[in-house]
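Descriptive analysis of the structure
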Amino acid sequence: MTHDLPAAANRGPSRPFGRLITAMVTPFTADGSLDLDGAARLATHLVDEQGNDALVLNGTTGESPTTTDAEKEALIRAVAEAVGDRARIVAGVGTNDTRHTVELAAQAEKAGAHGLLVVTPYYNKPPQAGLLRHFTAVADASGLPIMVYDIPHRTGTAIATDTLVKLAEHGRIVAVKDAKGDLTATSWVLARSDLAFYSGEDALTLPALAVGSVGVVGTSTHFTGMQTKQMIEAYEAGDTAAALALHRRLLPLFTGIFRTQGVILVKAGLAAKGLPAGPVRLPLVDATGDELAQLRADCAAAGLPLPE
């Protein structure tokens, strides 16, 4: 990686994980155990029918706080076998313990992941020097490209602009899942680094593209994948009117999927479509009848009605 000129001057449209990425839910059976066959079938649907270039496994949307390390490994193996020849598998390995994160990164690499998603350590609120050492330690220990996940409203700590710019100097730290909701901060990092930014908020995908982001890691994209990809491609082709029309059409679902915790409504919607999902694990709870009815209304408003 060269830094003879400002990185932004060198950078072409780098998309290390493609444009469209879905943070996939983890299907469970009726008794709450891991459904590996269902995971393979859901992954196949998301790649072949929804147009995903990559899938994030074992993220928060995959209920990673409630899955064991062994379940995480088994899930990666099953999905990599199902779609790993035509989509990139990005494994969520972030924890608030650097040693455990390094262990999960090694496990994911052996299991067939193509990249790693590493969230900011949560709850213990490390200073920026600790964040720099945490992400660097994971990158030093792994041979896989890394997407840093900046989501301060969940973790309690934002990754500072200067910290992200320093992290970009590491050859394996290549991308950011940006759920900070601060496009000014995003703009400054993009102006000073060659990191590829992916919107971590579905409804901000189009605004994020306008400041230089390259795609999305989505949740509503379990249902809006093809249309979201069309929006990204329209923007990149210079057809901003078409991109804006798609943004406005999909907005009811971009936002509606988060009326309660996103996993809950994704699983309810997948079940309505006859796709693998199963229940959520406590402390999450399954969608109520009223929540499902509202999801149906949001899907219909986005032009993507759920089957009755």
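All residue numbers refer to positions counted from 1 along the written sequence of the respective chain. Local features are withheld for residues below a pLDDT of 70 in this predicted model, meaning they are given only at 70 or higher, and side-chain atom pairs are given and counted only at 80 or more; totals for whole chains, interfaces and linings count all residues. Hydrogens are left out, water is left out, and the side-chain values use all remaining heavy atoms of the structure.

1. A look at the packing of aromatic side chains
Aromatic pairing here means that ring centres of Phe, Tyr or Trp (its six-membered ring) are within 6.5 Å. Orientation follows from the plane angle: under 30 degrees is stacked, over 60 is edge-to-face, and everything else is tilted. Within this structure, the stated rule accounts for 1 aromatic pair. Where F17 meets Y198, the ring centres are 6.5 Å apart and the plane angle is 55 degrees; that geometry is what we call tilted. Here Y198 lies in strand 7 (residues 196-199) and F17 lies in the loop between helix 1 (7-10) and strand 1 (20-23), a separation of 181 residues in the sequence. Using a 1.4 Å probe on the protein chains alone, a residue whose accessible area is under 20% of its type maximum counts as buried, one over 50% counts as exposed, and one in between counts as partly exposed. F17 gets classed as buried once you look at its relative accessible area, which sits at 1%. Given a relative accessible area of 0%, Y198 falls into the buried group. Over the ring of F28 we find R281; its NZ or CZ atom is 4.1 Å from the centre of that ring. Secondary structure elements are defined from DSSP: runs of H or I of at least 4 residues count as helices, runs of E of at least 2 residues count as strands, and each element is numbered from the N terminus. In this scheme, the term charge over a ring applies when either NZ of a lysine or CZ of an arginine sits within 6 Å of the ring centre and within 35 degrees of the ring normal.

2. Comments concerning the pattern of salt bridges
Basic side-chain nitrogens of Lys or Arg form a salt bridge, by our definition, when they fall within 4 Å of a carboxyl oxygen of Asp or Glu. Per the stated rule, a full pass over the model turns up 13 salt bridges. With a closest N to O distance of 2.8 Å, K267 and E63 form a salt bridge. Residue K267 is found in helix 12 (residues 262-272), and its partner E63 is found in the loop between strand 2 (54-57) and helix 3 (69-83); the two are separated by 204 residues along the sequence. K267 gets classed as buried once you look at its relative accessible area, which sits at 3%. A salt bridge links R296 to E308, with the shortest nitrogen-to-oxygen separation between them at 4.0 Å. Of this pair, R296 sits in helix 13 (residues 289-301) while E308 sits in the segment after helix 13, and the two are 12 residues apart along the sequence. The exposure class assigned to E308 is exposed, which follows from its relative accessible area of 84%. Through salt bridges with shared partners, one network takes in R15, R19 and E236.

3. A look at empty space enclosed by the protein
A 1.4 Å probe that fits into a set of points on a 1 Å grid over the protein atoms alone but cannot get out defines a cavity; an open set with protein on both sides within 12 Å along at least five of seven lines defines a pocket, and lining residues are those with an atom within 4 Å of a point. Grid points are joined across faces, edges and corners, and a volume is the space filled by probe spheres set on the points. For the structure shown, the criterion picks out 3 cavities of 30 Å³ or more. Of the voids in this model, the largest cavity is the one considered here, and its volume is about 50 Å³. Together, D178, G181, D182, L183, S199, G200, E201, L204 and A208 line the largest cavity. All amino acids are sorted into three groups, where Ala, Val, Leu, Ile, Met, Phe, Trp, Tyr, Cys and Pro are nonpolar, Asp, Glu, Lys and Arg are charged, and the leftover types, Gly among them, are polar. Each residue belonging to the lining of the largest cavity can be placed in one class, and the counts come to 3 nonpolar, 3 polar and 3 charged.

4. Details of the pairing of strand 1
Where burial is concerned, the two faces of strand 1 agree: the one with L20 and T22 and the one with I21 and A23 are both buried. Strands pair, by our definition, only if DSSP identifies at least two bridges between them. Relative to strand 8 (residues 215-218), strand 1 runs parallel, the two being bridged by 3 bridges. Within strand 8, the position partnered with L20 by the bridge is V216. Summarising the sheet, strand 1 and strand 2 pair through 3 bridges and their orientation is parallel. Each residue of the ladder has a partner; that of T22, found in strand 2, is L55. Crossovers are described as right-handed under a simple rule: with the strands pointing away from the observer, the path leading from the first strand over the helix to the second runs clockwise. Regarding topology, helix 2 (residues 36-48) serves as the crossover connection from strand 1 to the parallel strand 2, and that connection is right-handed.

5. Looking at helix 13
For a helix, the expected span equals 1.5 Å multiplied by the residue count minus one. Over its 13 residues, helix 13 extends 18 Å from the first C-alpha to the last, a length consistent with the 18 Å expected when each residue adds 1.5 Å. Along helix 13, the residues that are buried comprise L295, D298 and C299. The buried residues of helix 13 all sit within an arc of 100 degrees when viewed along its axis, so they share a single face. Exposed positions of helix 13 whose direction lies more than 90 degrees from the buried face are G289, D290 and A301. Looking at the buried residues of helix 13, the elements they touch are helix 11 (240-256) and helix 12. Directions are taken from the helix axis to each C-beta atom, and the arc is the one they span. Contact definition: two residues touch when any of their heavy atoms are within 4.5 Å.

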